[in-house]
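Understanding the architecture of this molecule
Listed below are the residues making up each chain.
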Amino acid sequence: MELLSVGEVAARLGVSPSAVRVWGTRYGLVASARSEGGHRRYTPEDLALLQAVHEAVLSGTDPAAAAAAVRGIETADDVPALPRRRAGAGGTGLAVPGAGREARGLARAAARLDEMRAEDAVLAALRERGTLDAWDDVVRPVLIAAGAHWAATGSGIEIEHLLTQAVTTALIRHAAALPEPPPERPVLLAGGPQEEHVLPLYAARAALAEHGVPSRLLGPRTPMAALATAARRTRSAAVLVWLSRPDEAAADGLAEVAAAHRRVRVLVGGPGWGDVAPGPATAPADLAEAVTVLDRHWRGR
Ligand code: B12
């Protein structure tokens, strides 16, 4: 087993040796082995814990909370330990500090690239809690952790892809098992013209189905003219356009969508729209608000 000195751990993490020592004394993440000469040495497990805390800190989490969460994950009786990360091998762990048992289970399955287990974890959360809670408390923390992991390390894109697949399929299965809402004036859900991110729209569709509100998902990269045509053809009560990143073509096309027919309402969602909703649109802050507003528009209130 490779045993590392504090300097070697610091070099692998890209932090100073004093940071490693401080994490040790302050948060109990100490070296658990000794060299023959009696000096403290870090085992691969110690390094994996420190790495998880370091990533959590990079993604903006308080170090004390991150350390507690990581140590909790490792020691909880009811959950198997996090997959061990190999130092220098582009670690595959996905720390979700502060998250509950279900989110940690989902993160663990995704990090192991266990698609079926990840899908089952999402589906179970959807059935037990309903879409709004499952999205906010289970799915979203893991998506955010996956994005933060990629932004901090440049690795783990395969985890993001597998997670996307598992979440999408679970949301489809959940929505398909619900009673089919009436077909009239469906809400349209579309990603902007350049947009690949559409998971929040799958979540919206499942949550609307729970409310008995019909919707149609037009998916990623929807041209705004096509969205306007769909709104006119279906006499849609409302449309929701998702943007993760700013896109002028989407903003420019909103007026055409709003003019599709007399009663259509336009909503925008996602960080790409900035702080102010453009032109004719309104911007719900989260999934729950979006579903409330869309439900109201569909019922003509
Ligand atoms: C899954 C994912 C992907 C998947 C998308 C698959 C799919 N079918 O959707 C794939 C792998 C394809 C992908 C691709 C890319 N991605 Co990506 N991706 C993500 C990830 C991990 C989750 C996206 C998501 O669903 N977010 C939804 C929730 C989780 O976001 P949220 O911030 O909590 O949401 C807030 C609000 O939007 C709102 N909200 C939440 N849910 C809902 C629902 C509704 C209806 C409403 C109204 C509001 C609402 O509440 C929250 C806070 O108030 C994010 C990480 C992240 N933090 O979002 C990166 C992220 C969005 N991706 C990013 C990037 C850079 C890319 C790529 C450009 C990478 C590349 N170089 O190719 C490409 C984009 C290509 C393109 N043309 O669009 C960046 C965007 C940074 C930026 N702003 O520019 C992020 C933030 C990762 C990061 N940390 O840097 N990605």
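Please refer to the structure placed before this passage.
Now for a quick tour of the structure. Predicted, not measured: the structure shown is a model, and the values here were computed from it. (Residues numbered from 1 in each chain as written. Predicted model: local features only at pLDDT ≥ 70, side-chain atom pairs only at ≥ 80, totals over all residues. Heavy atoms only, no water.)

Side note on the side chain of E195
When you line up the elements, E195 lands in the loop between β3 (187–191) and α9 (199–210). Buried within the structure, E195 lacks any salt-bridge partner; its nearest side chain of opposite charge belongs to R245, at an N-O separation of 6.0 Å. Side-chain polar atoms of E195 contact the backbone nitrogen of S244, separated by 2.7 Å. In contact with E195, not counting residues within four places along its chain, are P220, R221, W242, L243, S244 and R245. (Helix = DSSP H or I, 4+ residues; strand = E, 2+ residues; numbered from the N terminus. Buried < 20%, exposed > 50% of the residue type's maximum accessible area, 1.4 Å probe, protein only. Lys, Arg positive; Asp, Glu negative; His and termini not counted. Salt bridge = Lys/Arg side-chain N within 4 Å of Asp/Glu carboxyl O. Polar contact = N/O pair within 3.5 Å; in protein donor to acceptor, adjacent residues only side chain to side chain. Contact = heavy atoms within 4.5 Å.)

Side note on the coordination of the cobalt atom of the ligand
Inspection of the coordination sphere of the cobalt atom of the ligand shows a single protein donor, H197 (NE2), at 2.2 Å. Note on placement: H197 falls in the loop between β3 and α9. (Donors = N, O, S within 2.8 Å, 3.2 Å for Na, K, Ca; no water.)

Some thoughts on the site of the ligand
Around the ligand there are 29 residues in total, and W135, R140, H197, V198 and R245 lie nearest to it. The contact in question runs from a nitrogen atom of the ligand to an N or O atom on the backbone of G147, over 3.1 Å. The side chain of H197 places a nitrogen or oxygen atom 2.8 Å from a nitrogen atom of the ligand. Among the cavities detected, the one that contains the ligand is the largest pocket. Elements with a contribution of two residues or more to the shell around the ligand: α7 (131–153), α8 (157–176), α9, β5 (238–242) and α12 (287–298). No other element matches the seven residues that α7 contributes to the shell around the ligand. (Near = heavy atom within 4 Å. 1 Å grid on protein atoms, 1.4 Å probe; cavity = no way out; pocket = protein on both sides within 12 Å on 5 of 7 lines; lining within 4 Å. Sits in = over half its atoms within 2 Å of the grid points.)

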